[in-house]
There are 2 protein chains.
Amino acid sequence: MSLDHALLVSLLEKPSSGYELARRFDRSIGYFWHATHQQIYRVLSRMEEADWVAAEVQAGETAPDRKEYSVTATGSAELSRWLAEPTEPEGVRDILMVKLRGAAFGDAGSLIPELEHHRAAHANRLTCYRVIETRDFSGALDRQRALQYQVLKSGIRFEQGWLEWCEEALGLLRSFEQ
Amino acid sequence: MSLDHALLVSLLEKPSSGYELARRFDRSIGYFWHATHQQIYRVLSRMEEADWVAAEVQAGETAPDRKEYSVTATGSAELSRWLAEPTEPEGVRDILMVKLRGAAFGDAGSLIPELEHHRAAHANRLTCYRVIETRDFSGALDRQRALQYQVLKSGIRFEQGWLEWCEEALGLLRSFEQ
DNA sequence: AGTTGCAATGCAACTCGTTGCATAGTATCT
DNA sequence: AGATACTATGCAACGAGTTGCATTGCAACT
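Residues numbered from 1 in each chain as written. Chains lettered and ligands numbered in written order. Predicted model: local features only at pLDDT ≥ 70, side-chain atom pairs only at ≥ 80, totals over all residues. Heavy atoms only, no water.

**Student:** Help me out: how do you make sense of the packing of aromatic side chains in this one?
**Tutor:** Counting across every chain of the model gives nine aromatic pairs over all chains. Here B:Phe137 and B:Tyr149 contribute two aromatic rings whose centre-to-centre distance is 5.1 Å and whose plane-to-plane angle is 10°, an arrangement assigned as stacked. A residue pair is termed long-range when its members are at least 10 positions apart, and B:Phe137 in the loop between helix H6 (111–136) and helix H7 (143–176) and B:Tyr149 in helix H7 qualify at 12 residues. Take B:Phe137 and B:Tyr149: they sit in the same class, and that class is buried. Taken together through their ring pairs, the aromatic side chains of A:Phe158, A:Trp162, A:Trp165, B:Phe158, B:Trp162 and B:Trp165 make up a single cluster. Over the ring of A:Phe176 we find B:Arg143, and its NZ or CZ is 4.6 Å from the ring centre. (Phe/Tyr/Trp six-rings, centres within 6.5 Å; stacked < 30°, edge-to-face > 60°. Helix = DSSP H or I, 4+ residues; strand = E, 2+ residues; numbered from the N terminus. Buried < 20%, exposed > 50% of the residue type's maximum accessible area, 1.4 Å probe, protein only. Lys NZ or Arg CZ within 6 Å of the ring centre and 35° of its normal.)

Listed below in structure tokens is the structure:
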């Protein structure tokens, strides 16, 4: 599994509470990996037991209790081990593809709004990535920044790909509408 | 869930046994959705109970028993219903992205072989898609073929994207090696 | 006659991930 | 004073997906 490792990376970038991590998974980190707070809390507990992370409880004076997690030496070693471990590229699993192939056996026209919606969503994300790109990655970049930028660039590349593909697919579906 | 619907589409394209489906999920269908035989058998049973598919048992004279499934009217209606149902675009979840960001806290060089391996795998798939493209989609296409082609084109587009991105990322990692 | 391999199906146990709910304190608005 | 919303954590139950193993029968090789 890799949520473990995604959390390790995230905690190395900045020690945080589960709640904070969950919020970051709704934004920056979420652009390359997503998770719910449930999962995050459970994985954090598991990793604490395995001594990959350590929690410092900050008793709540002005706010509810908060456990700030940071990565231990063991956790850091585990990350390094995992980095070098080979993995296979993941298989594609996209609902739109199934639907498109399924359109041959149903009402192809009913897919048009769906595709338009996806096109809009991808355009949205692309804009969002572009904003981040200009805001955070336009000057000189240290190693960490450069790596983060490379990750962002995959997002940009793929959203562009999606946009173009949605256009194409919409063209095809519309050509059936005669 | 959509393995259900992926199977419906697949069975509409050609009625098959679970085993056959599993094999097709290792090739053509697997290019846009993958599954193990376990999952397939379980989903088929469930769908049979829901009367989305019907099985015709072909008692084995020369081979072990075989259940050939085909889609019922109910199943077909369910597919149409699902086609029109809106869904959100899926979030990205790619291990390479996590690893790349993690490389800031470990040995970045150890990622190079991994990236080279992914590049090779994507190049491989791209070649494979190109072969299919020439073989199956070069003449005039009926509606079904055109839709299948559109799905294949997304595969081609994304593998190309991956290739270019792997090159870029490798360049970056190598620039750290000085 | 025995081993290997493939076609075909399936059970059981497990991990991963989602959903719904519960709690409890703090802050802010009306 | 009460309603609403946000911070912060967690349990319990479920559903999706993987892994390992088991079975049966045929075919082909050795």
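So that's the structure; there's more coming.
**Student:** Even after reading the chapter, I still don't get the protein's contact with DNA strand D, so can you show me in this structure?
**Tutor:** Around DNA strand D, the structure places 21 residues, and the nearest of them are A:Tyr19, A:Gln38, A:Lys67, B:Gln39 and B:Arg42. Backbone atoms, meaning sugar and phosphate, make up 62% of the atoms of DNA strand D lying within 4 Å of the protein. Interatomic distance of 3.1 Å between a side-chain N/O atom of A:His37 and a base oxygen of DNA strand D. A:Arg93 places a polar side-chain atom, nitrogen or oxygen, 3.0 Å from a phosphate oxygen of DNA strand D. Here the element with the most residues in the surface near DNA strand D is helix H3 (residues 37–49) of chain B; it accounts for four residues. (Near = heavy atom within 4 Å. Polar contact = N/O pair within 3.5 Å; in protein donor to acceptor, adjacent residues only side chain to side chain.)

**Student:** Would you explain the confidence of the model for chain A in this entry?
**Tutor:** When pLDDT is low, close inspection of the predicted coordinates is not appropriate. Mean pLDDT over chain A works out to 93, with 97% of the residues at or above the 70 mark. The weakest mean pLDDT in chain A belongs to strand S1 (residues 53–58) of chain A at 90; the strongest belongs to helix H7 (residues 143–176) of chain A at 97. (pLDDT = per-residue confidence, 0-100.)

**Student:** Which parts of the structure should I look at to understand the domain arrangement of chain A?
**Tutor:** When the parts of a complex come together, some accessible area is lost, and that lost area is often used as the size of the interface. In terms of domains, chain A is made up of domain 1 (3–84) and domain 2 (95–176). Centre-to-centre separation of domain 1 of chain A and domain 2 of chain A, based on C-alpha positions: 29 Å. (Domains from an automatic or database assignment.)

**Student:** I tried to follow helix H4 (residues 73–84) of chain B on my own but got confused; where do I start?
**Tutor:** Since the α-helix turns once every 3.6 residues, residues separated by three or four places project in the same direction. Helix length check: H4(B) (12 residues) gives 17 Å between terminal C-alpha atoms against 16 Å at 1.5 Å per residue, within 8%. Inspection of H4(B) places B:Gly75, B:Glu78, B:Leu79, B:Trp82 and B:Leu83 among the buried residues, and these make up the whole buried set. All buried residues of H4(B) lie within an arc of 140° about the axis, which places them on one face of the element. Against helix H5 (95–102) and helix H6 (111–136) of chain A together with helix H1 (3–13) and strand S2 (66–71) of chain B lie the buried residues of H4(B). (Expected span 1.5 Å × (residues − 1). Arc of directions from axis to C-beta. Contact = heavy atoms within 4.5 Å.)

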